Every structure is written in C-alpha cells, then in structure tokens.
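What follows is the residue order along each chain.
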Amino acid sequence: MDPILLARIQFGANISFHILFPTITIALGWVLLFFKLRFNATGNEAWMNAYRFWVKVFALSFALGVVSGITMSFQFGTNWPGFMERVGNIAGPLLAYEVLTAFFLEATFLGIMLFGFRRVPGWAHTLATFLVAFGTTMSAFWILVLNSWMHTPAGFEMREGVAHATDWMAIIFNPSMPYRLGHMLLASGLTCAFLIAGLSAWRWLRQDRSEDVRLALRVGIWLAAALIPVQILVGDLHGLNTLEHQPAKVAAMEGNWETRGNVPLVLFGVPNERERRNDYAIEIPNGASLILKHEAEGVVPGLNDFIGKHPPVAPVFYAFRIMVGMGMAMLALSWLGAFLLWRKGEIPRLVAWAFVAMTFSGWVATLAGWYVTEIGRQPWLVTGVLTTAQAASAVPAGMIGTTLALYLAIYAVLMVAYISVLFHLAKKAGGAGPAAPPAYAPRLQPAE
Amino acid sequence: MDLISQNLPIIFAGLMALSILAYVILDGYDLGVGILMARGDRSERDRMIATIGPFWDANETWLVLGIGLLLVAFPAAHGLILTELYLPVALMLLGLTLRGVAFEFRVKAQTRFQNAWDRAFIGGSLLAALTQGYMLGRYIMGFQAGLWQEAFALAAGFGLAAAYTFVGSTWLIAKTEGTLQVRAVLWARASLLLTLAGMIAVSLATPLVSPRIFDRWFSFPNIIGLASIPLMTGALFLSLWIFLRRMPRGDHSLDLVPFLGAMALFTLGFLGLAYSFYPYIVPEKLTIRAAASATESLWIILLGAIFVLPFIAGYTAFSYYVFRGKARELRYD
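If you're wondering where the values come from, they're calculated on a predicted model, not measured in any experiment. (Residues numbered from 1 in each chain as written. Chains lettered and ligands numbered in written order. Predicted model: local features only at pLDDT ≥ 70, side-chain atom pairs only at ≥ 80, totals over all residues.)

Asks: Requested: an account of the overall build of chain B, with residues and values cited.
Replies: Secondary structure assignment for chain B yields 14 helices and 2 strands. For chain B, the C-alpha radius of gyration of 20 Å lies close to 20 Å, the compact-globule estimate for 333 residues. With respect to the principal axes defined by its C-alpha atoms, chain B has extents near 55 × 40 × 40 Å. Put simply, chain B has 333 residues, and 49% of those count as buried. A sequence separation of at least 24 residues applies to 76% of the contacts in chain B between residues at least 6 apart. (Helix = DSSP H or I, 4+ residues; strand = E, 2+ residues; numbered from the N terminus. Rg over C-alpha atoms; globule rule 2.2 N^0.38 Å. Buried ≥ 20, exposed ≤ 12 C-beta atoms within 10 Å, placed from the backbone. Contact = placed C-beta atoms within 7 Å.)

Here's what the structure looks like:
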C-alpha cells in the first residue's frame, strides 16, 4: 500500500481520536466553573454534586486527550518531516506557545482542581477550575491558529523554499482563524451540552431523581438550545470565508461541477468524479447560489475550474451533509427540550430517550466537520505552499502499517472502555445516595 | 543581542537539555512508582497512586516541551532521530498511553476490570521506561546497527528502568509512612545497586564505541576536570547506600533526602552525557549549530519562554506545596 496514504490514515486516525476528548474538555471546563460558581453563590449542595460527577468525566476525558496528544506531538515529526522543514519557522513558535502557555497551566492546576478540594481554600479551588478551563481554551486557540494558517497562510515570505515569518499578527490573525476558532469552540460547547443532557437524561430515566441530575439536565438542554443557532450562523460565515479563500473546497462541499449562476442546492446525491456530475441528485433550485451569494443568479465556482487541484469530492460532499444534518437534528431536539422545560418544567420519557440517543451527536458533527475542512484542503497541506505528498516521510510502508494496526487496536479498546465507563459512572452515581459526608462543610459555606 | 543571536542554538540546546532532565527526574519517579506497583497489593497500590496523582500530568508535559523544542529548534536532528527510532517511539507512546489512561480507568471502571487496568498501568510504565532507555542506548551508539549495539541498547533499557525504579522508590520513601515506607526502602536499596550497574555499563561502553569520546575523556588535561563527575557520582552512590541502610527512621524529617540524592544522581549522569556529546546533537553526524532552524523564529520562542518559564516554575512549586507531606487518599471531594 502507498506509504503516503498509510501515513495519512495513521495521522488521521490519531487526530480523529484525539479531537474527541478536547472537544469535550474545552467546554466542560467552563461548565464546571459554572457549577462551582453557582455553588459558591447559592450554597446549594446539588451544584457541588453536579461538579463532583462531571469533574470525573472531565478527568477521564482529559487523560485520553493528553495521551493521544502526546502521540500526535511525535507524529508531526515521524509522519510529516517535510512540514517542519518547509514551514517550521511558523508552525514551531505556535506549537511552542501552546506548550508554554496552555499545557503546563492546565496539567498543573488539574491536580489541584481534582484532588485539592480539601487542601486549598474554596476561592483557590475555584481559581484552579478557572485556570484549567482557560488553559484548555488557550490550547485550542494556538492549535487553531496553526491549523487556520495552514488553510489560509499569511504574514510570511518564502526564501530558498523555506517559509520565514514577516508579520506575526498577520500569521496569528490569518483570514480564516476567527471563523474556524469560533466554529470549533461552539462545536465544543454543543458536544459538551449534548453529553451532559444525554447522560443526565439517562440517569433521570433510571429513576435517579437527585437534584444535581435535574440541574445538569437543564443546563445541558438550555446550553444546547442557546448555542445551536449561533453555531449555524457562525458556520454560514465560515463557509463564506472558505468560498473566498478555498473555492475548490466549497465546490466539493456543494457538489457543484460547473462555475455558473442559479446553482441548485444538492440535498443529496452521489458525486461521480469520473463523469464529473452527480447521480441521483435531489436538488433545491438556486439554493446554493442563494446560500453562498445571497441571490438566485449568484455565480458559484465549480470543480471543473480546479481539475487535478481539487480535493476528492465524495468524502467532502458526504461529510458536509452529515455535519449539517446532525446540526439540524440538534436544533430540533434542543429547542423541543427547551420548550418543554419552559412550559412544563420537565421532559417526557420519549424526549429524554431522544437526548440519550443524541449523547455523542456532537462527536459525529465535529468529526464530520473536520473531515470536510481537512480533506477539503487536499492536495495541499499548506494551501499554495506545500502539498501533503511533499511533506511525507521516507519511513517504509510496512513499518507504518504495523504501528497503524497497533494504534487502531488500542484506540478501539479505549473507545469502548471510555463510553462504557461514562455510563458506569452515571449508574454508580445514582445508586450511591447522598454523595459525600458533610464533614468538611463548614469551610465551604459561602461567605455571608 | 548579537551575542545571544549567535548563540541561540546553544541556548536552545540548553533549554532542551533542561526539559529532558526535568522529564527524566519527574516522570521518572511516576514511571518508577508505576513499575513498583507490581509489588503492591490493592490498598498499597491505591496509596502509591495517591503519591503521584496530582503531579503525573504536568510531569509528562516536560516530554512534550523537550520533543517540541527538538522539533522547533533542530528540525533536521528531529527528523533523523525520530526516523531512526520510529518503532521504539511507537512502543513508548503505547506505554505512556496505557499508563495515562489506566490512571483514570483503574478507579472508574467496573470492578471486574480494575485489576486489568492496574496491570495496564504497571505494564505501560515498564514499557515506557524500557523503550526510553533503549532509545538512549541507540542514541549513545550513534544509531549504528549491529548485534552488540542492540545488546547495549537493551541493557541501557534495563538500566534506565532500574534508575526510574530507584527514583520512584525514593519518592515513595518521601511520600509514605508505615509498612509501605519500609518496603520502599528495600526497593530503593535493590534498585540503587541495579542503577549503579547500569551507569557503570554505559560509562564503560560509551568511550569504546566512539574514539572521539575516548579522546575527550582520557586526554590530558580534560581528564582532570571530567574525573570530578565519576568521583562525585561514586561518592553519591556510597552516601545514598549508607543513608538507606539507616532508613526508615523514627522521625520523618529526613524522608526527602534519598529523593534529593536521586535527583543529584540523575543530574550528574546527565551532565556526563552532555559533556561527552557536545557539540553534537546527533552523535557523530550533526552538530547543534548545523541542525538549528532560523534565528528569528527562535527569538520569538525564547522571548515567550523567558516570560512564561518563571510562571511555570512558580505554579509547579505551588502545586508541590499544596500536596506537600505524606500522601493522603485521593478524593475528588
């Protein structure tokens, strides 16, 4: 098998596995801070119980993110040595700043956040929670700066085939960065909201009537309902930004072959790259022109303008539909749930089961979205600067294949273990009765 | 400024060396405790884990910084080294992955799986220690292929695992009391001897594989300056041995001493290696200066590092202060 394809599958498998966990922890850190602040403000022990349950989920997710992230820090070098040779002067400082300003911060204060509750004053524990949430978000910031720069490079010049930085502000605030960062942070918020809602709904369905379950369920549903319309808006802006800078990617997302006006929105179809058309297409007339150009006659670029230089159409086309479809399902369910909470104060069993079914919907949408944008960048690794093939290493295919099999096996085990342990924790939490002895309570009473 | 610019590669080699030294000491004691868990029962294991629980994650971050600095500052060396060590790196990552997740799973998973996760924790710690030592051995050998070289690298693997076990035992002496501390003293004595054997083996083999190092070590007047390292190391081994013979003591005021001794031991060994290989970053193939990347990018990182590293040192110290003294049961509430 082609070593470049193997290296891509290996890196793709690792980064896909990795992104699942930061997607949870980035937003969950802030939700934990919210629980802690509510507890500080109200003195209601239920908020602290919610904190105690979800901090376990945080710790577990964080550990999985750390170990897969370390693997990734090595794979940058082992799989893509050409990447650092060509653009290391830009990627290097961004990665270094991520380690310096984010990794140490979150890793160190995580210890205090998890185990320091009885060892530090209440305010210091709240501060530790804040610093962990801040650290995970900083980490997302730097890595998305680098990722966005790879899509829309700016602020550099090429000298003897090597990129040199000329303007760091332009590098950091490159054209797609604000949209991509916003889109990803919102994706994290939604993933976390549906995880909280799903797992809490499951506990509620198991007759766990603890106050903290009710609170967490409400927080999850309201958060989801509030974030999803913002995400749809930001996603649309991100798409328009991509149209400006990476038109071939948008053409693949839309499945549009010819550059023309009055382009229909292809709801579903089977892109046929050999014949360069869509089979079995179900279309809305002028839809794509209206979405992308905001007028029926708007001219939308087509794939035939980029023959040999556009990404493989089918994966981008399908992944985009999975992401959007999942977003629509999230909108429908979260608004239904929020409406029922508002009018009736609780959700019926059927809706609760729907939330359980959607527990990991954020993962599906996030992964699909990443596939759209990353496969959509091909054949480039850094748009216009470096192709993926140029960056690949000379490691023989057999060795990559062996380690790939190893990684896939361990990731499969870890994924099964992770999901089953989440539900196991949820089950155990319900059966345990009041969570903790009140021996330490006096120190924790909020100041009168 | 010019002086700094000209010496940026050396400064970055120093920063990288510092991160790697911090890593082998700090994650060294974590991994050592992980290996020693093989000897403990379930309740001892819980206490052993409690000594490293709040720290392991930050400790491991030094590896990310070290490898990150290699990648950023010396991309050419990074490519050479990681291509040579492709398989052991993958195995090390497997070990670190198992160790890191088992930390959480061993207490959160269903009861019937908890022992399996304990085994994953022990196996992962051992695998990471062995592969790191193996890679060190391959590095010392300048990545030459051959039966002897492989044998040496394997021996270095066991040597480093022994050294991690030693620093792990001294950490347990500092952070535990009662029967577990008594056992930790016995473990420390045994692993100290193994560490000594490993260091002697590496010290004998290193000048034999490299005529350059042989000259550097045994030519006059270098030998006078260099001789201080093995002499100090020898004195340290002897003092540690005598001290450990008198442990555990009734009062706990000196419980941290063996760990500090282990830190000094690691530092001396590290200095010896650094002295032997300077100015090479890939032995006999690539020097620090030849491997360095563009100056302007290194400047950006250096400024960030100068500003941020004091904060990192500060809050790391704060964390060790918060969890000072004998480890208590790990509780989320």
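Picking up after the structure, the text goes on.
Asks: Outline the pairing of strand E4 (residues 277-284) of chain A, supporting the account with residue identities and numerical values.
Replies: The two faces of a sheet get side chains in turn, since along a regular strand they alternate between them. Residue and element names in this part refer to chain A. Note that strand E3 (residues 265-272) and E4 share 6 bridges and pair antiparallel. Pairing of Val270 across the sheet is with Asp279, part of E4. Count of turn residues in the E3/E4 antiparallel hairpin: 4 residues, of which Arg276 carries a positive phi of about 55°. (Pairing = 2+ DSSP bridges.)

Asks: Give a detailed account of helix H10 (residues 313-344) of chain A, specifying residues and quantitative values.
Replies: All names here are of chain A. Look at H10: 46 Å from first C-alpha to last across 32 residues, which is about the 46 Å you get at 1.5 Å a residue. All of the buried residues in H10 are Val313, Val316, Phe317, Ala319, Phe320, Met323, Met326, Gly327, Met330, Leu333, Ser334 and Gly337. Where H10 is buried, its residues meet helix H6 (177-205), helix H7 (211-245), helix H8 (247-254), E3, helix H11 (349-357) and helix H12 (361-375). Phi turns positive, to about 80°, at Gly345, one or two residues after H10. (Expected span 1.5 Å × (residues − 1).)

Asks: Account for the packing of helix H1 (residues 3-42) of chain A against helix H2 (residues 45-79) of chain A, with residues named and values stated.
Replies: Residue and element names in this part refer to chain A. It is at 7 Å that the axes of H1 and H2 come closest, and there the two elements cross at 150°. With respect to each other, H1 and H2 are oriented roughly antiparallel. As for the relative orientation of H1 and H2, their crossing is left-handed in sense. Its residues assigned to classes, the contact of H1 with H2 shows 23 nonpolar, 13 polar and 2 charged. (Axes fitted to C-alpha atoms, helices over the stretch in contact; angles between N-to-C directions. Parallel < 35°, antiparallel > 145°, perpendicular 65-115°, else oblique. Left-handed = near helix turned anticlockwise from the far one by under 90°. Nonpolar A, V, L, I, M, F, W, Y, C, P; charged D, E, K, R; others polar.)

Asks: Provide a residue-level description of the environment of Pro283 of chain B, including the pertinent values.
Replies: Residues and elements named next belong to chain B. Of note, Pro283 is situated in the loop between strand E1 (280-282) and strand E2 (286-287). On the basis of neighbour count, Pro283 is assigned to the buried category, with 20 C-beta atoms found within 10 Å. In this structure the C-alpha to C-alpha distance between Pro283 and Thr267, which are 16 residues apart in sequence, comes to 20 Å. In contact with Pro283, other than residues within four places in its own chain, are Tyr139, Gly142, Ser210 and Phe277.

Asks: I'd like a rundown of the interface of chain A and chain B, residues and numbers included.
Replies: If you look at the interface, chain A gives 57 residues, while chain B gives 54 residues. Of all the secondary structure elements, the ones that give two or more residues to the side of chain A that touches chain B are H2, helix H3 (81-115), strand E2 (162-165) and helix H14 (397-431) of chain A. For the side of chain A that touches chain B, the leading source of residues is H3 of chain A, giving 22 residues. Partitioning the side of chain A that touches chain B into residue classes produces 38 nonpolar, 15 polar and 4 charged.

Asks: Pulling in residues and values, what's your account of the pairing of strand E1 (residues 156-159) of chain A?
Replies: Residue and element names in this part refer to chain A. Across 4 bridges, E1 lies against E2 in antiparallel orientation. Bridge assignment links Phe156 to a residue of E2, and that residue is Ala165. Between E1 and E2, which follow one another and run antiparallel, lie 2 residues, and Glu160 among them has a positive phi close to 50°.

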